[in-house]
Every structure is written in structure tokens, then in C-alpha cells.
Amino acid sequence: MLFEFNNDAPLYRQIAEQIEEGIFTGVFPPGSQVPSTTEISRQFNINPATVLKGMNQLVASGLIEKKRGLGMFVTSSAPAQITEKRQSEFFEHYVAQFITEAQQLNLTKDDLIALIERGYDHA
């Protein structure tokens, strides 16, 4: 985990994002335990309350669950939830802007498909 202490994003959000990224990439597969609040707090010298706030965001979104006396564990639905969220964000941030720009350039849907295929052929 890497935290940017001079970043505009609050530390608790960075913690949640780092763990979410670990779930997405398979570092923390479904059913696995994520590092404890104490572990993260000690390792990165972050206030335990800040770490807990980030963890609680993940609990609230259903990505991890608390097991009393055992710790926090990745839910079985977490990878699918993250993928769905990221696909939605991809559409909002990239595809919607892409289509708007294409319309301003008078490109048709077929033109766009041809451009995308050309991009895949060259990748």
C-alpha cells in the first residue's frame, strides 16, 4: 500500500481505495482477510480511527465484512461489485465524453466502431 500524505484525497479514502484495488487485482480474493486496522496503523503510522473510517466505508459498500473476533474479510460479491462500479465510471468518464466529441466531429456510430477496431488491431 502506498499513501500520499500530501494528496488532496483524505487518508481514509486512500485506505479504502488501496484495499479496493487489492480486491480488484486479486491480492485479496473473496473470503480472504484484509490487513487489520492495527496492522495498517502501525505499518504506515496512521491514526487507527482514520484507518477504521476507511475500512467502514468498505463495510458499508458490502466489499468487506466484519467477523467479530477474527477481523475483516472480503465478501464473495466484492470483485463483481468493483467491476460493475468501474465499468460505470469508465462509461461516465471516457465513453460519454468520447461520444460527445465524436458527435462534434460529425463521426457516425460506424465511424466510431471502425476507429475502435483499428485501435484494438494496433494494440
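I will try to describe carefully the structure that is included in this document.

The rules behind the values
Residues numbered from 1 in each chain as written. Predicted model: local features only at pLDDT ≥ 70, side-chain atom pairs only at ≥ 80, totals over all residues. Heavy atoms only, no water. Helix = DSSP H or I, 4+ residues; strand = E, 2+ residues; numbered from the N terminus. Rg over C-alpha atoms; globule rule 2.2 N^0.38 Å. Axes fitted to C-alpha atoms, helices over the stretch in contact; angles between N-to-C directions. Parallel < 35°, antiparallel > 145°, perpendicular 65-115°, else oblique. Left-handed = near helix turned anticlockwise from the far one by under 90°. Contact = heavy atoms within 4.5 Å. Expected span 1.5 Å × (residues − 1).

## Brief notes about the overall build of the protein chain
Step number 1: Scanning the protein chain from N- to C-terminus turns up five helices and two strands.
Step number 2: From first element to last, N terminus to C terminus, the protein chain shows the α and β order α-α-α-β-β-α-α.
Step number 3: In terms of C-alpha radius of gyration, the protein chain reaches 19 Å, well past the compact-globule figure of 14 Å for 123 residues.
Step number 4: A principal-axis box enclosing the C-alpha atoms of the protein chain has dimensions of 60 × 35 × 25 Å.

## Points about the packing of helix 2 (residues 37-44) against helix 3 (residues 48-60)
Step number 1: As a packed pair, helix 2 and helix 3 sit with axes 9 Å apart at the nearest point and diverge in direction by 130°. By the criterion of interaxial angle, the relationship of helix 2 to helix 3 is oblique. For the pair helix 2 and helix 3, the sense of crossing is right-handed. Residues T37, I40 and S41 of helix 2 pack against P48, V51, L52 and M55 of helix 3.

## Brief notes about helix 1 (residues 11-25)
Step number 1: Counted at 1.5 Å a residue, the expected span for helix 1 with its 15 residues is 21 Å, and the 21 Å between its end C-alpha atoms agrees.
Step number 2: G26 sits one or two positions beyond helix 1 and adopts a positive phi of about 90°.

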